[in-house]
Every structure is written in C-alpha cells, then in structure tokens.
Amino acid sequence: MDKPRTELNDYPHTAADATAELEALRYENSKLRKINNVLVQRIENGLGNYRGAYASFESAVTLSEKVKQRTIQLQQAMNDLETANGDLSLAKRDAEEKHQLLIDAIEIISDAFVLFDRQRRFTLANSSFHELWSTAGLRCEPGRSLDQIRRQIENSGIVDLTAPADKRNLRRGELSHRGVFRLRDGRWIRITESHTREGGLVIIFSDITALQHSEAAQREQALAEKSRVLQSTLDHLSQGIALFNQQQRLEAWNNQLLALTNTPVKTIRRGIGFQELILRAKLDSVPVNLSPDGGDCHLERILKGDRLLEIKRYRTGSGGFVITFTDITEHEAYETALRASENRIRLITDTVPALIGYITRDMRYTFINKTFEAWFQRPREGIEKLTLEEILGAEEFKRHLQYLARTLAGQRADFEIEQTLPCGKKHIHKSYIPDRDELGNVVGLFALERDVTQQRRTAEALNQAYRHMEHRVNERTKELTELNSQLRREVVERMQAEKQLVEAKHEAEHANLTKTKFLAAVGHDLLQPMSAARLFTTALQEHQLPAQAARLVESLNYSMEDVESLVSTLVDISKLDAGVVQPDIVAFDIATLLGNLANEFRQQAAVAGLNFRFVPCTATISTDSQLLARILRNLLSNAIRYTEQGDILLGCRRHREGLLIQVWDTGIGIPQNKLTEVFLEFKRLASKRKNVTRGLGLGLAIVDKIARILGNQIHVRSEEGKGSVFSILVPYGELSLQRASAVRQQAMALATPLAESCILVIDNDTSICAGMETLLGSWGCRVLSATGIGELDAAELRSSMPDLVIADYHLDDGETGIDAAKQLRHWLGQSLPVLMITANRTQELKQQVREQGYHLLNKPIKPHKLKSMLRHLLI
C-alpha cells in the first residue's frame, strides 16, 4: 500500500488540536493491537481446526503489514506533535511579550482606555480607566458586557444626568458616539470610539474640563464685549432709548434718556416697569396709547417745561418693546420760523406787479402772488394746486410745452408770447428758472411773468421811425455796394463754372438714361419675336408629337428660355445701374409666390435629375413681390445650374426681425475667398454640369442690386464640395382686408377652368397674335385677335362678348393698350377684365395700369404665369 502523504494543513495548529489528534491515534493503535491479537490467535487455532490454513496465514500476513504501516504513521504523528508543541510554546511566549507591550502602551496614555471584543465583552483597560470609575464601584472583569458596564455607570450617580444631552449620550446602543458629559465633581469628559480590524471596540475617555472652562470664559468675555458695544452705541445716539423685555421690565437705557427727562442716575435700574420709569422721569403727561398694551408703533408729543419731546414705541421680535425720546424743540422752532418767512415772502411778492409763482414737476402751482388774482380774475385759493393746463387752457398749454420741457431739462427759458387772459390780451415776457435739489435734479421751476404790452407798442413806434430812416441808410450803403461789385463779378464767374459742371453732369445722366432707354427698346424689340416663339413652342408642347419632334421642340423651348433670360438680364442690369427701378412695397401672403416658384422650378430640377424640396409658409411680408420673385428665381436657377446631384430646398424661417427666405443646394459650393466675388458683374464659377447654359455671370449681381433697392441684405454660407445656402431677410407685413380677399380669389383661380372662355387679344405684332391664338386655343379658349383698335368691330364684339382682354401696351400710331381698353368699355357699355402685357418694367407704367384697375404681365411671357393670371381674372 502507498504511504499516505502528510500535508502542511495536517499538522495541528494549537495545543488542544495536537492533544486531540494524539488521543485519536492512541485509540486507533490500541484497536489495531486488539485486532492483531485476535488474528494471531485465530491463525494459531485454525491450523488444526480449519481447512483454509494457508488462506488464514495469508490474511494474517496482510493484516500484519497494515499494522506495521499504521504503527509508522503513528510514530510520524507523534514526531509532528512534538514539533507543533515546540512552535506553540514559542508563539505563546511571543504573544505574552506583545500583550505586555500593549499593556505598557495603553498605560502610557493619560486618557482612560478600554477595549471590548467583537461581542462587546470587556477585554483590557488601563489604570486611568479604573481610576476614573473607581468611585462608581465599577468592576471590569474579563467577559463583562458593554451594556452591563454602561448600566453600572448610569446607576452609580457619578455622571450628572440633568442635561438631556448627557443622558442621551450614555443611553446609546454602545457607550457613546463622540459624546461629552459632565461628572458630579464638575469634570467634563469627552468619549471617543473607534472600531478595530477584528470588529472590536476601543473607547477613550478624555478629561476636557480645562477646555470647557476656557470656552465658557471666552463666551462670557464675548458676551460682555457685545454688551459694552451695545451700551456704547446707545450712549452715542442723539435719542433717549429705553429697552423693555417680554415682562415689560427695563433691560437697557442710555445717558441721553436721563439727560432729556432730567432723571437722576440713581433712580434708574434694571428690572423696573414701564409705569415706574414714566413716574421717575416726571413727565407732565403720559399718552394712553403709549401703554405697554398698545399697538406696534405710536407717536405722541409731550411738553415738559419749555422742552418739546417726541415719544415713539416700537415692538421687538422677542415680544418686548423700545421707547425712544427725541427732542424736537428746535425742529418746532424751525417750522415756526419757516411759516413766518413764508408770510414775509408773500407780503413782498404780493406788492410786485409781475406774476411770481412756483410750478412743481407735475405742472401744478404751489405758490403764487396776489397779481394772479387780477390777471386771471379768480381767488388765489382757486389757482393754487391747479395744473398749468387747467389754468391756461389746452391750446395755450401746448404753446408753452417747449419752454417747460427745456426748463425741466435744466436750462433757463426766456421768451415773449402774446396771450389772451380773462383781463384781456397781453404781450407777456416769461422766465422759467429750474429749481434743483441737493443732488442737482430738477424738482420744479420758478415762473416770473411781466406785462410788456406797453414796451411792444413803443417798439412798434421805433420800427416806424426806422422805416423813415431807411432812405438815408440806403444812400450811405450805396458806397458799400460799389465796393462789393468786384466780389459779385467773382461770384458770377464761379456760378458760370458751377453751371458748366451741372451741364456736364446732366449730359452724363442723359447719356446714361439714353443708354437705358436704348437697351429697353432693344430688349422690347428682341423680346417681341421671342415671346411669339415661346408661345408657339408652348403650344406645340400641348400637342401629341412624335418623340423626335417633341425632343426638338423641347430643345427649342430651352434655347428660347436661355435667350430670353440673357436679354432680360442685360435689360435689368442696365435699369438697375441707371437707378430707374423703384420698388413697389405692398403687404402680401408669401405662400402664393413661393408656391408658384416651387411649381416652376420643380420641373426644371426633375429634368436636371435633382430632388426639389419645398417647405410652404403662410407668413405675410411687406416688399415688392416682383423684385423678390426675381431674386428667388436667380438663386434657384443658380442652385440648379451648379448642382450636379442631390437636393434643392426652398423654405423659410421665422425670426423676430422678419421672415428669412432660404435656398439650399448640395452643389459644388463656393470657396471662402470668392463669397464676395460671386456678387460682382460677369463673375461666375465653373459648372460641372453638361448641357446647361453658363449665362453671363450677372445673376447674383442682379440679386445684390435688387436686394439693395429693397433695403435687404443677401447672406451666403457655403462649403466647397458640399453646397451653399443663400438667405434674404424680409420684414413682416400686415395684410389688409382687400388684399386678403384678392389672395383668396387667386387661390380660387387655380381651380377655375379656361375652356369655353372667350378672350380678345390686341397686339401690333401679328406673330404674337398668332402665337396667342395657338396657345390659348390649346387650352380650350375661343380667341379673337386684332393688331389695333381700327381692326375691331363694335357689333361683332357685342355679339361675341369676350370674357377677358389681353392687350399689348405699345400699339401702332401712338396708341396704347389702355386706350384700346377704354374704347372697348365705351362700345360694350361695361368694363372687362384687362391683362396688359409689356416689356416696359418702369414704376410709372406699373402705377398707371394699377390706377385703371388692370393687371400687368411683363414680357417675355411665361405660359404657366399667363395661365395662372387668366384663371385669376376669370373667377
């Protein structure tokens, strides 16, 4: 059999464990001996009596071997036990030495020290602890519980338990938790607790009697210092002070109280009552409402001899009250002197023939002299306390306001005015002098008014005498005139030079205006055939055409749009440079404008392969709708032109200052160093898109110029390679009822059909007439056309009765579309809706058309705008 291994954990750790293991081994050895003897006896007896002798012998040998092994193990265990006993003896001596060191250490501590184990049983204490509780008969034997020791201390009577805090400290679950208590002999003890690592409890009792006495002495000293400061403060007051507690007993007073009441010092002491103080002060009378049971604050004046005292009583928060005695003798004397001085001043001012008064800042008279009675024919009492407006009247008061305002601002005002009074009309010289307080603020004004009617009459006489002397003065000034002739010639020369400069300026302005008119005329002549071509191409698109023909028509339409855009751009930039464009600021709903733009550019964005997004807005703004639409169209066109893929967003943000309209794109972006340059004329960025016209680089320049005319500013933020956002802030407006009705009618017009409507077209260009007939016919309209008034037949018109008139403003032979509309109204006896079309974008024409009650549409004509306008007019 294998020999069993002996592990380190098999050795006994203590003497008791070693003894128990030794006894177990002895018992097992004795049992094995008995078994061995029985087996040997059985073997000896079995040789003669049993057949399995050999088997019995073999078993005996096996058992003998086991007994031998057990004997060896027992011997090894005995050796281990002896070794463990030696180690235990060494550990015991070491523990005794450490225990003695612990005892010596706690004895060195001057405070009482006691140690409890984790079951809160007494373990160890120093001699200071036994001395502290020796008078209590405390028996601190090992094994006593903390609760037993606490009850014995509490019942011994050595601790002063009159203070609730001390009793609470001693009745905790453990002895205390950093508590402080006092012994019967006057000593103060502080308890500090600390837990050991094994869960035991250490309690230290420290004698803090000296510290407590020192703190008490400091508190008493601080209290005495506060009392001294309070008394010193009371003594330095000019009033007499008497402080009473809740029991209405005197607590404190000052020397001024004794001086004012002529009370001897020896008769006043702490603790006397209120009535006793009054009696000892020997006052002539005591007001009933100054009794201790009165209200919070009372005021009475008591005359004592030739001295006048003012007595006040104030309630304190603690239930007591304070009585103050103030000498107001001098104050009363001052008031008497002031009243006498006022009477003297009134006596003096009443003898002055002029008006003398004082006006407060709220325009009321508080002082006037007797002359007021004669001028205004009412008693003085009826004038004082009245406002200046009530005395002078509303109209006269308005004439005086500027002088009153100047005086209240701190300036003296001297002026002469003709005024109608109850006593008659007078010329009055008035002086308003500001009255300032000690801080320099104007609190009122002094008014001095003198009758200067006689002086004015004298001045008129002097003026008449002056006119008689004028002839003599003219003769003497003749010599001066001759001397000034040379200066006049120089002035004439300078005026001639200035005139030449003005003429040069006029020539330059005329040349600029001529250029503008030329471009406008050229633009009109170019836009005429292009408008006709657009009408024809749009009409073709309304028909079902073969795919190749449809593509050709679409390409032709795009080309015509580009040419129109270039011509319109050139005309617009020339007008903007010439300053002839004037904004027509009106309030309107932005929803319709943005909706039309969204419908217009959604199709263009789809053709370019872009996603057009639009956020509707119903705000009302105040600006020129056409100029704002031109700005947004240019911004949207640029967004589509410079965006290869991604999104175009049109939307608004509401701000306190106005509506912020924004156009976002995910295009090529603008470099930071070119954010300003893109707004210059003929400056443009390179576009990566194919088959897109590059333009002239005037789109953003026009946007900037129009924004300046409208008084708005364009803001741009861009990141190269990610996109741009252009913003314009437009002020809010308030929509009138008439304008709101027009907006609702325009909304209704979107659902109005054009079929079977009869429309009369008047244009001196036959191609325009033909294009209109083709386009309007494709929309289901019946069309009558003429190149002028001469081609119209009144009878035919009355039989057909057109529903609407489309007229070009510029007709042949000096006629205008307005003239044609007036002739039609004369023939038909009623007014028809008139849509005036023209390439002239001046403000004067726009105003003229609006005054006639007609509507205006500028060339080149966009078919979708024409359809929208026709629906609106045919409601």
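Structure shown above.
**Some details on the nonpolar core**
- The biggest cluster of nonpolar side chains holds 44 residues, and the ones touching the most others in it are Ile-590, Leu-628, Ile-631 and Ile-661.
- Sorting the residues of this core by element identifies α16 (590-607), α17 (625-641), β19 (647-654), β20 (659-665), α18 (699-710), β21 (714-719) and β22 (723-730) as the ones contributing at least two each.
- A total of nine residues in this core trace back to one element, the largest contributor, which is α17.
- Ranked by size, the runner-up nonpolar core spans 25 residues in total, among them Ile-359, Trp-375, Leu-404 and Ala-447.

**A closer look at the side chain of Thr-643**
- Within the secondary structure, Thr-643 sits in the loop between α17 and β19.
- A distance of 2.5 Å separates the side chain of Thr-643 from the backbone oxygen of Ala-639, its partner in a polar contact.

**Observations regarding the pairing of strand β6 (residues 240-244)**
- Among the five residues of β6, four are classified as buried, and the element is accordingly described as predominantly covered.
- Looking at chain direction, β6 and strand β10 (residues 321-327) are connected through five bridges and run antiparallel. By the bridge assignment for β10, Phe-244 is matched with Phe-321.
- Bridging between β6 and strand β7 (residues 250-253) involves three bridges; their strand directions are antiparallel. Within β7, the position partnered with Phe-244 by the bridge is Leu-250.
- With antiparallel pairing between neighbouring strands as the criterion, β6 and β7 make up a hairpin whose turn holds five residues, including Gln-248 at a positive phi of roughly 60 degrees.

**Focus on the side chain of Thr-620**
- Tracing the chain through its elements places Thr-620 in strand β18 (residues 620-623).
- Given the relative accessible area of 19%, Thr-620 is considered buried.
- Once residues lying within four places of it in the same chain are set aside, the contact partners of Thr-620 are Ala-587, Phe-588, Asp-589, Tyr-732, Gly-733, Glu-734 and Leu-735.

**Observations concerning the sheet that holds strand β3 (residues 180-182)**
- Across the sheet, which stays open at both edges, the five strands sit in the order β2-β1-β5-β4-β3 with antiparallel pairing between neighbours. Strands with a single pairing partner mark the edges of an open sheet, and in this sheet they are β2 (122-125) and β3. Averaged over neighbouring strand pairs, the angle between their axes works out to 25 degrees when direction is ignored.
- For strand β1 (residues 112-116) and strand β5 (residues 201-207), the ladder comprises five bridges, and the chain directions are antiparallel. Opposite Leu-115, over in β5, you have Val-202 as the bridge partner.

**Some points on the pattern of salt bridges**
- Enumeration according to the criterion identifies 13 salt bridges in this entry.
- The partner of Glu-600 in a salt bridge is Arg-633, and the shortest N-O contact between them spans 3.1 Å. Of this pair, Glu-600 sits in helix α16 while Arg-633 sits in helix α17, and the two are 33 residues apart along the sequence. One exposure class covers both Glu-600 and Arg-633, and it is buried.
- One salt-bridge network, in which partners are shared between bridges, spans Asp-147, Arg-150 and Arg-151.

**Things to note about the sheet that holds strand β27 (residues 855-858)**
- Taking strand neighbours across the sheet as the criterion, the five strands line up as β24-β23-β25-β26-β27 in an open arrangement whose pairing is parallel. Of all the strands in the sheet, the pair left with one neighbour each is β24 (782-786) and β27. Recorded for the sheet is a direction-independent mean angle of 20 degrees between the axes of neighbouring strands.
- When strand β23 (residues 758-762) meets strand β25 (residues 804-808), the two strands line up parallel, connected through four bridges. Looking across to β25, one finds that Leu-760 is bridged to Val-805.

**Side note on α17**
- The end-to-end C-alpha distance of α17 is 24 Å, a good match for the 24 Å that 17 residues give at a rise of 1.5 Å each.
- For α17, the buried fraction is high: 14 of the 17 residues fall into the buried class.
- Two or three places before Gln-626, at the start of α17, stands the capping residue Asp-624, its side-chain oxygen 3.0 Å from that residue's backbone nitrogen.

**A look at the packing of α17 against α18**
- Contact pair α17 / α18: the axes reach a minimum separation of 9 Å and the direction vectors enclose 155 degrees. Comparing the axis directions of α17 and α18 gives the class roughly antiparallel. In the packing of α17 onto α18, the handedness of the crossing is left-handed. The residues of α18 that touch α17, namely those facing Leu-627, Leu-628, Arg-630, Ile-631, Asn-634, Leu-635 and Asn-638, are Gly-699, Leu-700, Ile-702, Val-703, Ile-706, Ala-707 and Leu-710.
- Looking at the contact of α17 with α18 residue by residue, the class counts come to 10 nonpolar, three polar and one charged.

About the thresholds
Residues numbered from 1 in each chain as written. Predicted model: local features only at pLDDT ≥ 70, side-chain atom pairs only at ≥ 80, totals over all residues. Heavy atoms only, no water. Core = buried A, V, L, I, M, F, W, Y, C linked by side-chain atoms within 4.5 Å. Buried < 20%, exposed > 50% of the residue type's maximum accessible area, 1.4 Å probe, protein only. Helix = DSSP H or I, 4+ residues; strand = E, 2+ residues; numbered from the N terminus. Polar contact = N/O pair within 3.5 Å; in protein donor to acceptor, adjacent residues only side chain to side chain. Pairing = 2+ DSSP bridges. Contact = heavy atoms within 4.5 Å. Axes fitted to C-alpha atoms, helices over the stretch in contact; angles between N-to-C directions. Salt bridge = Lys/Arg side-chain N within 4 Å of Asp/Glu carboxyl O. Expected span 1.5 Å × (residues − 1). Parallel < 35°, antiparallel > 145°, perpendicular 65-115°, else oblique. Left-handed = near helix turned anticlockwise from the far one by under 90°. Nonpolar A, V, L, I, M, F, W, Y, C, P; charged D, E, K, R; others polar.

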